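Each chain is listed here by its residues.
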Amino acid sequence: MCETVKTPIETRHILDKLEAQHPGADTELHHRNAFELLVATILSAQSTDQRVNMVTPALFKRYPDAGALAKATTDDLERLIHSTGFFRAKSKALLGMAKALVEQHRGNVPADMTALTALPGVGRKTANVVLGHALGVPGLPVDRHVLRVSNRIGIADSDDPETVEEQLGRVLPKARWTRTSDTLILHGRRICKPKPLCDQCAVQDDCDYFGTVVQPVTHEERRSHPANQPPPRLRRSAEGSAKAEASAKAEAGSHIRRRAKVPKATRRR
Ligand code: SF4
């Protein structure tokens, strides 16, 4: 395991705190079965769950299953999903996915990662969403929120979603995978936004990003106290993107609790 990633016990303890902050975290995409969740998740790319939820009632009424969707015309489908954005690509993916379900799976959504990711328009994240929420198969979807939050806290160390999925999955029981993803997604949407609301965060004391980037530690203090160095995964944002960080801190600075880990004797007066 990478030395900058927290231990399994620390990771589970952090997720306990986040689950307490976001009780009942679940997908916000409305669905009644695996087919509807598969369609909604494909539509959610580059869109919001709220926007998708506005579109799917009419879509599912008109095309309630794979057999019906496979017979849809491109024009009608594009009209129904237009407001979710990228409607041409999504329409093509939905039609291809529905036809593949009919031809290869008798219209059913397979409860298998390999079979799901072989469907047009279905990547690993979408497959994990459907497996974990609608098919009873452990799945840990890693989206941009899970990537950002897990790397900031220090429970993962990679920009690659599949690597983060593997790192988190390795230290968590399978029964926690889907809830962990939902919790980290909610935390990323509500609290640990690109400009994080650290003063509202339940894991501030556990967070590498807060300890090494958000809290004001001077360059001189960092040099004299190696423990204050940001982990490698955070160094780019801490030093290389100083402008972006300054902007984020200005936005959040008024309510970020300030603290320094260095001894008083070494602080600049
Ligand atoms: S302390 Fe700040 S950066 Fe760390 S997880 Fe919480 S909101 Fe995100």
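Residues numbered from 1 in each chain as written. Predicted model: local features only at pLDDT ≥ 70, side-chain atom pairs only at ≥ 80, totals over all residues.

### Structural notes on the overall build of the chain
Helix and strand counts for the chain stand at 15 helices and 0 strands. Here the chain, with 269 residues, has 37% of them falling under the buried criterion. Contacts in the chain between residues at least 24 apart in sequence constitute 63% of all its contacts with a sequence separation of at least 6. (Helix = DSSP H or I, 4+ residues; strand = E, 2+ residues; numbered from the N terminus. Buried ≥ 20, exposed ≤ 12 C-beta atoms within 10 Å, placed from the backbone. Contact = placed C-beta atoms within 7 Å.)

### Focus on the nonpolar core
Counting residues in each nonpolar core, the largest one holds 31 residues, and the members touching the most others are Leu38, Val39, Ile42, Leu94, Met97 and Val130. When residues of this core are traced back to their parent elements, those giving at least two are α2 (34–43), α3 (49–62), α4 (66–70), α5 (74–81), α6 (87–105) and α8 (124–134). In contact with Met97, not counting residues within four places along its chain, are Ile42, Leu119, Pro120, Gly121 and Val122. With 28 residues, the next largest nonpolar core counts Ile14, Val149, Trp177 and Val203 among its residues. (Core = buried A, V, L, I, M, F, W, Y, C linked by C-beta atoms within 7 Å.)

### Here's the deal with the site of the ligand
The immediate surroundings of the ligand are formed by 14 residues, with Cys192, Pro196, Cys198, Cys201 and Cys207 found nearest. Elements with a contribution of two residues or more to the shell around the ligand: α9 (144–153) and α12 (208–214). If one sorts the elements of the shell around the ligand by residue count, α9 sits on top with 3 residues. For the shell around the ligand, the per-class residue count stands at 12 nonpolar, 1 polar and 1 charged. (Near = placed C-beta within 6 Å. Nonpolar A, V, L, I, M, F, W, Y, C, P; charged D, E, K, R; others polar.)

### Some words on the environment of Gly188
Within the element layout of this structure, Gly188 appears in helix α11 (residues 174–190). Spatially, the C-alpha atoms of Gly188 and Arg148 are 7.5 Å apart, while their sequence positions differ by 40 residues. Setting aside its immediate chain neighbours within four residues, Gly188 contacts His145, Val146, Arg148, Val149 and Lys193.

### Some details on unusual backbone geometry
Not every positive phi belongs to a glycine, and Phe86 is a case in point at roughly 45°. By secondary structure assignment, the location of Phe86 is in the loop between α5 and α6. Phe86 gets classed as partly exposed once you count the C-beta atoms within 10 Å, which come to 13. For Arg106, which is not glycine, the phi torsion reads 50° and is therefore positive. Along the polypeptide, Arg106 turns up in the loop between α6 and α7 (113–117).

### Examining α11
Look at α11: 25 Å from first C-alpha to last across 17 residues, which is about the 24 Å you get at 1.5 Å a residue. Buried within α11 are the following residues: Trp177, Thr178, Thr180, Ser181, Asp182, Thr183, Leu184, Ile185, Leu186, His187 and Gly188. Those residues of α11 that are buried lie in contact with α1 (8–21), α8, α9 and α10 (161–171). (Expected span 1.5 Å × (residues − 1).)

### Quick notes on α1
In this model, α1 (14 residues) spans 20 Å end to end at C-alpha, consistent with the 20 Å of a helix rising 1.5 Å per residue. Among all positions of α1, only Thr11, Ile14, Leu15 and Leu18 are buried. One side of α1 holds all its buried residues, which, seen down the axis, span an arc of 100°. Within α1, the exposed residues directed more than 90 degrees away from the buried face are Ile9 and Ala20. Contacts made by the buried residues of α1 are with α9, α10 and α11. (Arc of directions from axis to C-beta.)

### Concerning the packing of α9 against α10
The interhelical angle for the contact between α9 and α10, taken along N-to-C directions, is 60°, at an axis separation of 10 Å. If you check the angle between α9 and α10, you find them oblique. Seen from above, α9 lies across α10 with left-handed handedness. Along its contact with α9, which presents Val146, Leu147 and Ser150, the element α10 presents Pro161, Val164 and Leu168. (Axes fitted to C-alpha atoms, helices over the stretch in contact; angles between N-to-C directions. Parallel < 35°, antiparallel > 145°, perpendicular 65-115°, else oblique. Left-handed = near helix turned anticlockwise from the far one by under 90°.)

### Section: the environment of Asp160
When you line up the elements, Asp160 lands in the loop between α9 and α10. For Asp160, a count of 12 C-beta atoms within 10 Å gives the class exposed. For the pair Asp160 and Val142, spaced 18 residues apart in the sequence, the C-alpha separation amounts to 9.2 Å.

### Considerations on the confidence of the model for the chain
Mean pLDDT over the chain stands at 86; residues scoring 70 or higher make up 78%. This model gives residues 236–269 a pLDDT under 50, and the stretch forms 38 contacts once residues within four places in sequence are excluded. (pLDDT = per-residue confidence, 0-100.)

### Considering the environment of His105
Considering the arrangement of structural elements, one finds His105 in helix α6. His105 sits in the partly exposed class, given 15 other C-beta atoms within 10 Å. As a C-alpha pair, His105 and Ala115 span 10 residues in sequence and 9.3 Å in three-dimensional space.

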